[in-house]
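Breakdown of the fold
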There are 2 protein chains.
Amino acid sequence: MAKYKNVASDIIERIKKHEFKDIGKLPTEDEMIEYYNVSRNTIRSALKTLTSQGVIYSRQGSGFYIRQRSNDNCIPITGTNGLTYDFPHNTFTNVVLSIELLKADEILAKKMFCEVGDSIYFCKRLRILDDKKFALEFSYYNQKIVPYLGKEIAEKSIYNYLQDNLKLKFGFADKHISAIKLNKEQAELLELETGDPGLVIADTVYLDNGMMFNTSQVIYNYKYANFYAMAVR
Amino acid sequence: MAKYKNVASDIIERIKKHEFKDIGKLPTEDEMIEYYNVSRNTIRSALKTLTSQGVIYSRQGSGFYIRQRSNDNCIPITGTNGLTYDFPHNTFTNVVLSIELLKADEILAKKMFCEVGDSIYFCKRLRILDDKKFALEFSYYNQKIVPYLGKEIAEKSIYNYLQDNLKLKFGFADKHISAIKLNKEQAELLELETGDPGLVIADTVYLDNGMMFNTSQVIYNYKYANFYAMAVR
DNA sequence: AAGTGGTCTAGACCACGTC
DNA sequence: ACGTGGTCTAGACCACTTC
């Protein structure tokens with residue numbers, strides 16, 4: 001791993017251990033250069049990483065300070081690891097409602113940045129968190145990138161399968177957030193009433209080589225869904 | 001302005017002019033070093049800025065590529081400029097429902113990171129976009145930082161006032177996103193039905209010196225509100 | 001093998017805060 | 001005036017892609 005990433009992880013560890021708690025301020029760059037025995041730019045790369053993660057912020061002429069945030073029970077909206085990763089302490093059950101291999105029509109082809117007629121997996125899942133009906137997911141995967149998708153995979157974690165077995169590396173994603181009134185079918189699956197709110201997040205996910213491989217629409221149960229986002233300098 | 005920021009803006013301009021459209025790829029770093037007559041690190045700072053903005057992405061050993069995104073009519077959730085900025089082509093009307101100067105009780109003090117008894121402005125606004133009842137805003141400002149807040153300011157743009165008149169510089173913000181069922185009062189103001197969905201975004205906003213100065217809860221009309229967020233490497 | 005981005009170093013000067 | 005972060009330069013080597 002790169003030096004600056006090691007430095008960044010180590011600083012996070014030290015923050016978690018409350019090593020700087022009394023002042024809420026990190027050591028100066030020069031002190032960290034000494035401590036880690038690396039160049040100034042390496043320290044600055046590490047600090048820049050932590051700044052964009054919302055862990056710290058800087059005041060020119062003054063120093064780097066630790067941010068205090070309360071994100072209990074919140075899902076980071078900019079995360080690309082999937083819910084299984086976001087809730088390590090809970091048990092997630094996935095009820096696979098259907099898996100189909102579709103031929104893309106014009107609308108789907110546009111959505112998936114692919115050709116008309118390309119094979120696309122369509123997977124419908126109900127995602128249950130500790131007996132709570134948490135979310136309803138409608139997800140599409142390009143078969144060129146995901147050659148096979150079966151019930152046994154979708155019942156566990158699709159994202160773990162893609163990363164660990166297919167060795168896919170995620171690059172970036174676009175997300176659209178809105179709210180809807182649930183129809184009868186959606187409401188029944190989420191054990192809510194027709195017309196109740198649903199928090200909708202539509203994703204378009206790309207690999208690190210820039211190829212789009214997945215779009216999904218997830219309707220979250222408004223009683224449990226709580227997301228957080230950050231705006232940073 | 002810093003060189004790398006100028007380079008970044010210029011690259012954005014060139015992308016908008018479709019200068020690289022045929023290949024969707026930027027010139028190599030060496031070519032840009034030549035073109036802009038700056039060092040490699042300066043070019044790389046500019047490219048890093050654009051990458052974190054979601055404008056481009058990089059493939060090691062290959063090059064920098066332009067991202068295509070469709071964010072029509074969407075509000076960037078990580079924006080800190082306020083709605084007036086996000087909708088430059090529309091007319092925003094703000095109906096000021098109330099402005100009060102409160103003494104912080106324990107709950108409010110905790111929310112505002114201030115002392116019990118501190119003076120806090122509380123402002124309730126209905127925000128209307130081209131005759132559409134767009135959002136209902138409940139916003140708190142610490143009087144230590146915002147000494148005065150009046151109806152004449154809140155009817156225009158509070159954020160413009162803070163930036164232009166008080167010369168405040170925004171640093172970063174935390175946001176929490178959820179969905180609720182509207183109660184009778186909220187629904188009437190937004191011209192919706194009781195029990196209809198509301199998309200809620202709760203903000204905690206900090207100045208660039210790390211001081212928290214504003215929290216707000218905004219209930220968006222689900223018929224119009226459409227936000228976007230990005231996850232980037 | 002050549003091209004291109006990713007990391008790292010050493011050193012310089014500037015801008016802002018603090019005292 | 002001094003300390004601290006922000007920007008910039010020149011040069012080196014590594015990792016990955018492309019041919």
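None of the values given here were measured: they were computed from a predicted structure.

**Here we look at the relation of the copies chain B and chain A**
For these two chains of identical sequence, chain B goes onto chain A by a turn of 180° and a shift of 0.0 Å along the axis, with RMSD 0.0 Å. Viewed as a symmetry operation, the transformation between the two copies matches a two-fold axis. Proximity to the rotation axis, assessed at the C-alpha, singles out B:Pro197 in chain B; its C-alpha lies 2.3 Å from the axis. Comparing interface residues between copies, 100% of those in chain B also lie at the interface in chain A; the contact surface is shared.

**Focus on the interface of chain B and chain A**
In many reports, interface size means the accessible area that the parts give up when they come together. Taken residue by residue, the interface counts 43 residues in chain B and 43 residues in chain A. A combined buried area of about 3600 Å² lies between chain B and chain A, and 55% of that area is made up of carbon and sulfur atoms. Summed over the three residues of chain B that lose the most area to chain A, namely B:Phe172, B:Ile177 and B:Ala231, the buried surface amounts to 16% of that side. The salt bridge involving A:Asp174 is made with B:Arg67; its shortest N-O contact spans 2.6 Å.

**Observations regarding the protein's contact with DNA strand D**
Taken together, 25 residues lie near DNA strand D, and A:Arg40, B:Lys3, B:Ser39, B:Thr42 and B:Gln60 sit nearest. The share of sugar and phosphate among atoms of DNA strand D within 4 Å of the protein is 68%. A distance of 2.8 Å separates a phosphate oxygen of DNA strand D from a polar atom in the backbone of B:Ser39. Take B:Arg40: an N or O atom from its side chain is 3.2 Å from a base nitrogen of DNA strand D. Every element with two or more residues in the surface near DNA strand D is listed here: α3 (40-52), β1 (56-59) and β2 (63-66) of chain A together with α1 (3-16) and α3 (40-52) of chain B. Split into classes, the residues belonging to the surface near DNA strand D amount to four nonpolar, 13 polar and eight charged.

**Observations regarding the packing of helix α1 (residues 3-16) of chain A against helix α2 (residues 29-36) of chain A**
Residue and element names in this part refer to chain A. Here α1 crosses α2 at 105°, and the two axes come no closer than 13 Å. Judged on the interaxial angle alone, α2 and α1 are roughly perpendicular. Contacts between α1 and α2 involve Val7, Asp10, Ile11 and Arg14 from the first element and Met32, Tyr35 and Tyr36 from the second. Taken together, the residues of the contact of α1 with α2 sort by class into five nonpolar, no polar and two charged.

**A short note on the state of the cysteines**
Here the structure, examined in full by the defined rule, presents zero disulfides over all chains. Residue B:Cys114 stays outside any disulfide, its sulfur separated by 17 Å from that of B:Cys123, the closest cysteine.

**A word on the sheet that holds strand β10 (residues 227-231) of chain A**
Strands sit in the order β3(A)-β10(A)-β7(B)-β8(B)-β9(B)-β6(B)-β5(B)-β4(B) across an open sheet of eight strands; the sheet is mixed. Two strands in the sheet have a free side with no partner beyond their single neighbour: β3 (75-76) of chain A together with β4 (92-103) of chain B. Pairing of β3(A) with β10(A), which is carried by two bridges, proceeds in the parallel orientation. Paired with A:Pro76 across the strands is A:Tyr228, a residue of β10(A).

**A closer look at the environment of A:Ala202**
Residue and element names in this part refer to chain A. Position of alanine 202 among the secondary structure elements: in strand β8 (residues 197-207). Residues alanine 202 and lysine 175, spaced 27 residues apart in sequence, show a C-alpha to C-alpha distance of 5.5 Å. Among residues more than four places away in sequence, those in contact with alanine 202 are Asp174, Lys175, His176, Ser216 and Gln217.

**Points about the packing of aromatic side chains**
All names here are of chain B. Within this structure, the stated rule accounts for 28 aromatic pairs over all chains. Taking 5.7 Å as the distance between ring centres and 75° as the angle between the ring planes, the aromatic pair formed by phenylalanine 87 and phenylalanine 134 counts as edge-to-face. On the criterion of sequence distance, the pair formed by phenylalanine 87 in the loop between α4 (83-86) and β4 and phenylalanine 134 in strand β6 (residues 132-142) is long-range, its members being 47 residues apart. Accessibility expressed as a relative area gives 13% for phenylalanine 87, which makes it buried.

**Section: the protein's contact with DNA strand C**
Taken together, 23 residues sit near DNA strand C, with A:Lys3, A:Ser39, A:Thr42, B:Arg40 and B:Arg44 positioned nearest. The protein-proximal atoms of DNA strand C, defined as those within 4 Å of the protein, are 68% sugar or phosphate. In this structure, A:Lys3 approaches DNA strand C through a main-chain N or O atom, which is 2.3 Å from a phosphate oxygen. Within the side chain of A:Gln60, a nitrogen or oxygen atom sits 3.2 Å from a base nitrogen of DNA strand C. Taken together, the elements giving at least two residues each to the surface near DNA strand C come down to α1 and α3 of chain A together with α3, β1 (56-59) and β2 (63-66) of chain B.

**A look at the packing of α1(B) against α3(B)**
The description of two packed helices rests on the angle between their axes and on the distance between the axes. Residues and elements named next belong to chain B. Close contact between α1 and α3 brings their axes to 8 Å; oriented N to C, the two are set at 55°. It follows that α1 is oblique to α3 by the angle criterion. For α1 against α3, the interelement crossing comes out right-handed. Two secondary-structure elements touch here, α1 through Lys3, Tyr4, Val7, Ala8, Ile11 and Ile12 and α3 through Thr42, Ile43, Ser45, Ala46, Leu47, Thr49 and Leu50.

Quick notes on the rules
- Residues numbered from 1 in each chain as written.
- Chains lettered and ligands numbered in written order.
- Predicted model: local features only at pLDDT ≥ 70, side-chain atom pairs only at ≥ 80, totals over all residues.
- Heavy atoms only, no water.
- Least-squares fit on C-alpha atoms with pLDDT ≥ 70 in both.
- Contact = heavy atoms within 4.5 Å.
- Buried area = accessible area lost by both parts, 1.4 Å probe.
- Salt bridge = Lys/Arg side-chain N within 4 Å of Asp/Glu carboxyl O.
- Near = heavy atom within 4 Å.
- Polar contact = N/O pair within 3.5 Å; in protein donor to acceptor, adjacent residues only side chain to side chain.
- Helix = DSSP H or I, 4+ residues; strand = E, 2+ residues; numbered from the N terminus.
- Nonpolar A, V, L, I, M, F, W, Y, C, P; charged D, E, K, R; others polar.
- Axes fitted to C-alpha atoms, helices over the stretch in contact; angles between N-to-C directions.
- Parallel < 35°, antiparallel > 145°, perpendicular 65-115°, else oblique.
- Disulfide = S-S within 2.5 Å.
- Pairing = 2+ DSSP bridges.
- Phe/Tyr/Trp six-rings, centres within 6.5 Å; stacked < 30°, edge-to-face > 60°.
- Buried < 20%, exposed > 50% of the residue type's maximum accessible area, 1.4 Å probe, protein only.
- Left-handed = near helix turned anticlockwise from the far one by under 90°.

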